[in-house]
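# Structure assessment
So you can see what is in the structure, the chains are spelled out below.
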Amino acid sequence: MITKLRIRWFKSIEDVEFEPGQVNVLIGANGSGKSNLLEALGVLSAAVYGRVDDAGLKQRGVRPGVPALYKCAFSDIKQSKFIYFGAWSDETSYEVNLYNPIKQPLPVWRYYTENLQIGANKIAGRSHSTKEKLNPEAGWIALKAVDLDPEGEVSQLLNALRDFAIYAPDTNTLRSQVEDRQPRSPMGLSGGGIPPALASLLRSADSNPYIAKVCQDALLLIDWAKSYDVASASSVPLSPSVGSAKRVIKFVDRFMKSGRDTLTGYDASEGALYVLFHAVLAGHPDSPSVCAVDNADHGLNPVLARSLLTDVCQWYLDSPRSRQVFLTTQNPSTLDGLPLNNDQVRLFAVDRSRKGRTTVTRVLLDERIRGLAEKGWTLSRTWVMGHLGGVPNV
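Residues numbered from 1 in each chain as written. Predicted model: local features only at pLDDT ≥ 70, side-chain atom pairs only at ≥ 80, totals over all residues. Heavy atoms only, no water.

## Some thoughts on the sheet that holds strand 10 (residues 247–253)
Applicable threshold: Pairing between two strands is assigned when DSSP locates at least 2 bridges connecting them. In DSSP terms, a helix is any run of H or I states spanning at least four residues, a strand is any run of E spanning at least two, and both are numbered starting from the N terminus. Helix axes are fitted only over the stretch in contact, all axes being lines through C-alpha atoms; the angle between N-to-C directions runs from 0 to 180 degrees.
What the three strands build is an open sheet, ordered 9-10-11; its pairing is antiparallel. The open sheet has two edge strands with one neighbour each: strand 9 (225–232) and strand 11 (262–264). Taken pair by pair, the neighbouring strands of this sheet meet at an average axis angle of 30°, ignoring direction. Of the strand pairs in this sheet, strand 9 and strand 10 are connected by seven bridges, and their pairing is antiparallel.

Below, the structure is given as structure tokens:
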């Protein structure tokens with residue numbers, strides 16, 4: 001699990017360092033830099049993989065861009081040649097400086113320095129002064145990783161970073177109406193391929209108590225559904241004019257009479273699809289060990305968003321394998337579902353300073369916030385009233 005992140009000179013981030021937990025919720029105004037933080041992790045992931053280019057970035061959910069847009073461009077600082085990314089897992093760390101000329105951008109970013117170490121002991125690295133002539137487009141640590149113990153702490157950090165992805169579910173993709181342009185296993189970054197992923201999850205529920213609970217929790221969140229499953233498109237009521245995948249999600253409405261109580265993901269509410277998306281991402285064994293969901297509450301009623309986030313936190317905390325997730329949100333109600341008494345569930349307020357820099361501040365349940373709670377203030381009200389940070393100055 002990543003225990004510390006540091007990013008420098010990336011987009012609106014001049015220099016940010018913070019310590020994430022297992023479940024991390026980022027709140028903040030539009031344009032404060034929440035997505036930039038996630039994309040910084042995506043660039044770091046590509047660097048660990050060994051190549052930073054548009055294809056590798058898109059595979060991780062990062063918006064491709066030119067160096068002039070990736071590098072800080074604040075008017076009151078000297079333009080940096082490099083962008084720095086660093087990740088720690090307790091004593092293990094990976095740090096990299098990447099560069100790409102602004103005036104004549106290259107299709108592949110160059111490695112300037114890399115460093116992998118445990119505590120004060122350097123395991124491998126490179127710099128611009130390395131005597132060996134190394135390919136600047138290829139990661140040196142990615143090559144050296146084959147010599148590491150695959151079960152060791154160093155490999156675990158590198159593997160977690162390498163598999164990282166930013167998910168941004170889209171309603172039409174969840175409905176299987178459009179193809180996911182960023183396919184992955186068990187489902188694409190926009191939610192494509194969710195029917196087979198959900199079918200796999202449901203099959204595992206019979207023999208896996210953890211997955212069974214995730215599936216049951218998801219059903220309870222969809223209050224109108226008696227059950228959900230996956231079926232062939234030809235076996236359910238679906239207009240032939242609707243382009244669809246061969247397999248679709250099937251719901252049984254508990255209020256409708258038998259024989260006319262079945263509907264598909266195409267006809268169901270988008271809220272139900274987002275619930276199942278989160279259940280698959282949290283519960284499926286093929287999901288990346290470290291991932292992010294941008295706008296995690298998209299399309300959800302405030303009460304459902306609050307209840308879903310409570311369950312999502314518990315799903316990741318209870319996972320039998322090491323899991324870590326980063327969630328961005330704009331919905332105040334989601335905060336009321338956070339079990340912040342658990343130190344592994346962490347809330348961060350993302351702001352822009354007076355000079356425009358992105359800042360990240362962990363929200364702790366200190367005496368001031370507890371005092372407001374004793375007066376009947378919910379965490380959502382505390383945020384909206386400006387007591388946590390991360391709200392726009394409009």
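## Observations regarding the packing of aromatic side chains
Heads up, the rule is: Ring pairs are drawn from Phe, Tyr and Trp, using the six-membered ring of Trp, whenever the two centres fall within 6.5 Å, and their geometry is named by plane angle: stacked under 30 degrees, edge-to-face over 60, tilted for the rest. Any Lys NZ or Arg CZ that is within 6 Å of a ring centre and within 35 degrees of that ring's normal is treated as a charge sitting over the ring.
Following the criterion strictly, the structure yields nine aromatic pairs and no others. Within the aromatic cluster, the residues linked to one another by ring pairs are Phe10, Tyr70, Phe85 and Trp109. Positioned above the aromatic ring of Trp88, the side-chain terminus of Lys4 is 4.2 Å from the ring centre. We note Arg357 situated over the ring of Phe74; from NZ or CZ to the ring centre the distance is 4.3 Å.

## Description of helix 10 (residues 302–318)
Test applied: Working rule for helices: expected span equals 1.5 Å times residues minus one. Buried, partly exposed and exposed residues are distinguished by accessible area as a fraction of the type maximum, computed with a 1.4 Å probe on protein chains only: under 20%, between the cut-offs, and over 50%, respectively.
Taking 1.5 Å per residue as the helical rise, helix 10 with its 17 residues ought to reach 24 Å, and the 24 Å between its terminal C-alpha atoms agrees with that figure. Within the sequence span of helix 10, burial applies to Leu304, Ala305, Leu308, Leu309, Asp311, Val312, Cys313, Trp315, Tyr316 and Leu317.

## Topic: helix 5 (residues 153–162)
Burial analysis of helix 5 places seven of its ten residues in the buried class, which makes it a mostly covered element. Restricting attention to buried positions, one finds in helix 5 the residues Val154, Ser155, Leu157, Leu158, Ala160, Leu161 and Arg162.

## Remarks on the sheet that holds strand 6 (residues 110–118)
To keep it simple, the criterion reads: In what follows, a contact means two residues having at least one pair of non-hydrogen atoms within 4.5 Å.
The strand order across the open sheet formed by six strands is 2-1-4-5-6-7, and the pairing between neighbours is antiparallel. Each edge of the sheet is formed by a strand with only one pairing partner; in this case those strands are strand 2 (13–18) and strand 7 (121–126). Here the average twist between neighbouring strands, direction ignored, is 5°. When strand 1 (residues 4–10) meets strand 2, the two strands line up antiparallel, connected through five bridges. Considered in strand 2, the bridge of Phe10 is made with Ile13. In this fold helix 1 (residues 34–49) packs onto strand 1, strand 2, strand 4 (82–89), strand 5 (92–99) and strand 6, with an angle of close to 100° to the strand it touches most, strand 1. Running at roughly 45° to strand 5, helix 5 makes contact with strand 4, strand 5, strand 6 and strand 7 of the sheet.

## Some thoughts on unusual backbone geometry
Following Ser185, the chain continues into Pro186 via a peptide bond in cis, with omega recorded as 10°. By the element assignment, Pro186 lies in the loop between helix 6 (171–174) and helix 7 (194–205). Of note, Asp90 is a non-glycine position whose phi angle comes to about 60°, a positive value. Relative to the helices and strands, Asp90 resides in the loop between strand 4 and strand 5. Judged by its relative accessible area of 55%, Asp90 falls in the exposed class.

## Side note on the side chain of Asn24
To keep it simple, the criterion reads: Whenever a nitrogen or oxygen atom comes within 3.5 Å of another N or O atom, the pair is scored as a polar contact, on the condition that within protein one atom can donate a hydrogen and the other can accept it, and that pairs from neighbouring residues in sequence are kept only if both atoms are in side chains.
Examined against the element boundaries, Asn24 turns out to sit in strand 3 (residues 23–28). For Asn24, a relative accessible area of 0% translates into the label buried. Of the polar contacts made by the side chain of Asn24, one reaches the backbone nitrogen of Gly21; its length is 2.6 Å. Once residues within four sequence positions are removed from consideration, Asn24 is found in contact with Gln324, Val325, Phe326, Leu327, Arg346 and Phe348.

## With respect to the pattern of salt bridges
Pairing between side chains becomes possible if they bear opposite charge and their charged atoms approach one another. Worth spelling out the cut-off: Each reported salt bridge corresponds to a side-chain nitrogen of Lys or Arg within 4 Å of a carboxyl oxygen of Asp or Glu.
Enumeration over the complete set of coordinates arrives at 14 salt bridges. A salt bridge links Glu114 to Arg126, with the nearest nitrogen and oxygen atoms 3.5 Å apart. One end of the pair, Glu114, is in strand 6; the other, Arg126, is in strand 7, with twelve residues separating them in the sequence. Glu114 gets classed as buried once you look at its relative accessible area, which sits at 2%. Note on Arg126: relative accessible area 6%, which makes it buried. A salt bridge links Arg362 to Asp343, with the nearest nitrogen and oxygen atoms 2.9 Å apart. Here Arg362 is found in strand 15 (residues 358–363), whereas its partner Asp343 is found in the loop between strand 13 (324–329) and strand 14 (345–352), with 19 residues between them in sequence. Judged by relative accessible area, Asp343 falls into the partly exposed class, the value being 40%. Taken together, the shared-partner salt bridges in this structure form one network comprising Arg51, Asp53, Arg110 and Glu137.

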